[in-house]
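# Structure at a glance
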Amino acid sequence: MEGVDILPHERSKTQFDVDAMKIVWAGSRHAFEVSDRMARLVASDPAFQKDNRSRLGRKELFKNTLRKATYAWKRILELRLTEEEAGRLRFFVDEPAFTDLHWGMFVPAIKGQGTEEQQQKWLPLAYKMQIIGCYAQTELGHGSNVQGLETTATFDPDKDEFVIHSPTLTSSKWWPGGLGKVSTHAVVYARLITNGEEHGVHGFIVQLRSLDDHMPLPGITIGDIGMKFGNGAYNTMDNGVLTFDHVRIPRNQMLMRVLQVTSEGKCVQSNVPRQLIYGTMVFVRQTIVADASSALSRAVCIATRYSAVRRQFGSQDGVETQVIDYKTQQNRLFPLLASAYAFRFVGEWLKWLYTDVTQRLQANDFSTLPEAHACTAGLKSLTTTATADAIEECRKLCGGHGYLCASGLPELFAVYVPACTYEGDNVVLLLQVARFLMKTVSQLGSGKKPIGTTAYLGRVQDLMQCRCEVQTVGIIYSINAAEDWLKPSVMLEAFEARSARMCVARAQNLGKFANPEDGFAELSADLVEAAVAHCQLIVVSKFLDKLQQDIPGNGVKQQLQNLCYIYALNLLHKHLGDFLSTGCITPKQASLANDQLRSLYSQVRPNAIALVDAFNYTDHYLGSVLGRYDGNVYPKLYEEAWKDPLNDSVLPDGYNEYIRPLLKQQLHNSRL
Ligand SMILES: CCCCCCCCCC/C=C\CCCCCCC/C=C/C(=O)SCCNC(=O)CCNC(=O)[C@H](O)C(C)(C)COP(=O)(O)OP(=O)(O)OC[C@H]1O[C@@H](n2cnc3c(N)ncnc32)[C@H](O)[C@@H]1OP(=O)(O)O
Ligand SMILES: Cc1cc2nc3c(=O)[nH]c(=O)nc-3n(C[C@H](O)[C@H](O)[C@H](O)COP(=O)(O)OP(=O)(O)OC[C@H]3O[C@@H](n4cnc5c(N)ncnc54)[C@H](O)[C@@H]3O)c2cc1C
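Residues numbered from 1 in each chain as written. Chains lettered and ligands numbered in written order. Predicted model: local features only at pLDDT ≥ 70, side-chain atom pairs only at ≥ 80, totals over all residues.

## Some points on the pairing of strand β5 (residues 185-194)
Counted residue by residue, β5 has 7 buried out of 10 residues, so it is predominantly covered. With 4 bridges connecting them, strand β1 (residues 133-136) and β5 associate as parallel partners. Of the residues in β5, the one forming a bridge with Y135 is V187. As judged from the 3 bridges shared by strand β2 (residues 152-156) and β5, these two strands associate in the parallel manner. When the sheet's bridge partners are listed, A153 is paired in β5 with L192. Examined bridge by bridge, β5 and strand β6 (residues 197-207) share 9 bridges and lie antiparallel to one another. Looking across to β6, one finds that T194 is bridged to E197. The loop that links β5 with its antiparallel partner β6 comprises 2 residues; one of these, N195, has a positive phi angle of about 50°. (Buried ≥ 20, exposed ≤ 12 C-beta atoms within 10 Å, placed from the backbone. Helix = DSSP H or I, 4+ residues; strand = E, 2+ residues; numbered from the N terminus. Pairing = 2+ DSSP bridges.)

Following this line, the structure appears as structure tokens:
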């Protein structure tokens, strides 16, 4: 069987209701319908064509993005799309643009950190896009260390104004998306100084450009920071540089929900915790987790379809083997497929957690903010690292053709990989999780019961006193055969015990240092490992929780169960050192886990194509010849090659200047 016949044949082997799975993936029937409608709308509109992106120069590329972003906004208004529909439309347009920062960070920063009055003034302008905003926090010298920012906002009580100033080169704002060429306004983070005293970093709304002619206002120097990794990719975004030379703004443009500055320059702290200044990052990190499952599922969809189409070796009956049938290919691909589903469900849960913490904050309940910070930071780190690695693995899974831009994978990697850095470097974020875990463990002795995602540390409190010996974990007695690994309680216990034991061991080591900060610095690599274990436990437990829900559709739950156990058992295999060294499982049980994993791959194999079809991606969104729905890869790849500008003429530009004289010279030399 060749070409276009392969994927229909694969689909005929499916053992579950794909339409029902599409709804599980989307989150609800309503979400599916909205998403499906928006995907078709974008795919059918030539204005959203994107297949030439990697061939455009920077200026052309950027102008093209301006056209698409403004056209998308026009369509949103014309069609009176809801916020949900607009969000999905943006998703399928699939091109980073200034509007992401306007809607994704500028608006949320004003909503989260502005007073009622400030929201009433600025949000209507932003909602109508009469002003365009960005989020100007990072500087040339400091990104991770927010308290180290150097831009100053000095209050001048005589004029009732703040003076925003960049005192050094390293205080130049550097990186904000949308800043370089488009934004008229920014939320600028600067050190607040009143009456000669410093009061930490706060957000200020600053107008950057004239609303008449778009020229930078006096005292403001502004530009783009230059080309970034990859062709096309994130170069559609005008990440910018910005300096202030004593720029004055009215006092009421400091975002004052957390701290108010009076006209005399007195600072009045509200009852809101200071950490709320970081609230926009919590919001965006949560959206980044949801986005990870999208990027990962996209890469996996391409690699899975192509692995079914591609054949190499093993011709017994004259037909070569589909590469998806090689166990090594399955062992690399299926855990990524499982991760896409796992990240989808943990993303759903995180959205719930974020909504819950936001409602509590509105009611002045700040108790769950530290957990929300730890979860968003940790899961952002875990999912983006895994997704960036997975996209690259998918490229390799597609062999040589994966390296072609036509596969869609190089651009996907280039556009995705900065997610490991923006909104917090992934290691820096794991260190935040580690701090949270160490604090939780240190409070166990005082009888404070951990709640939420750390409740397990309380449940296994007896472990804290013991010497972490093998016998203390119940799973030791529960797993005697490979199938025993398919018990949810066993799996959960294994991950909880591993994480708890790693946390306790790290806490005990920290206790050996006279100065805890010295200990934290010295042991930071170990602490990061404990943070990863904790975050992996969250993902596994949320997937297991999902399976407890009523999931309609023939065979759907069975497939999800298979994927859940593939996700967990593959992690167990990859981190076997942790599980064995903490005495959570025995070597024999580890070997049984591998047997079970292989068996699950065989169960997923006939359903693999349907499991990626359930993502419901259009060919437009996938942007990949290898991942085409119809599997017609070779003719289309051949066709695509001829579209390259190098093939516009038979002789390349430069033939007469370089190739011809070279060949003539060689000929001349050989005759001598
Ligand atoms: C209708 C039409 C719609 C049109 C449709 C369009 C739709 C588009 C929508 C798109 C939506 C979203 C897309 C968004 C696009 C995203 C693109 C990404 C662009 C990138 C942007 C950025 O990168 S912005 C800059 C981000 N920067 C960082 O992340 C910096 C990282 N550093 C930090 O977060 C902190 O400084 C760090 C935590 C590392 C250091 O803190 P620390 O040293 O501990 O010191 P302190 O600052 O003193 O903190 C102490 C205590 O505070 C706690 N804490 C820290 N952070 C937080 C937090 N975020 N929340 C709560 N609490 C926090 C910390 O735990 C300490 O607590 P303790 O109790 O005292 O221990
Ligand atoms: C594409 C892109 C878009 C961006 N958009 C925006 C935007 O819109 N607005 C905005 O304000 N910013 C934006 N940023 C900036 C981004 O938020 C920062 O780059 C990010 O927070 C990382 O900070 P940094 O660059 O200072 O890295 P650094 O902190 O300098 O990291 C360098 C290395 O040091 C390590 N490191 C740093 N601190 C520690 C520590 N305490 N312990 C151990 N290791 C450490 C890191 O792990 C990393 O390996 C963007 C960045 C990118 C790449």
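So, next bit.
## Focus on the sheet that holds strand β8 (residues 240-244)
Pairing in this open sheet of 3 strands is antiparallel, and the strands run β4-β8-β7 from one edge to the other. Two strands close off the open sheet at either side, each with one partner strand: β4 (173-174) and β7 (220-224). Both β4 and β8 contribute to a ladder of 2 bridges, which runs antiparallel. For K173, the partnering residue across the bridge sits in β8 and is L242.

## Focus on the site of ligand 2
Close to ligand 2 lie 22 residues; Q137, T138, G143, S144 and W175 are nearest. Counting only elements with at least two residues in the shell around ligand 2, the list comes to β1 and α12 (426-442). Per-element tally for the shell around ligand 2: the top contributor is α12, with 3 residues. (Near = placed C-beta within 6 Å.)

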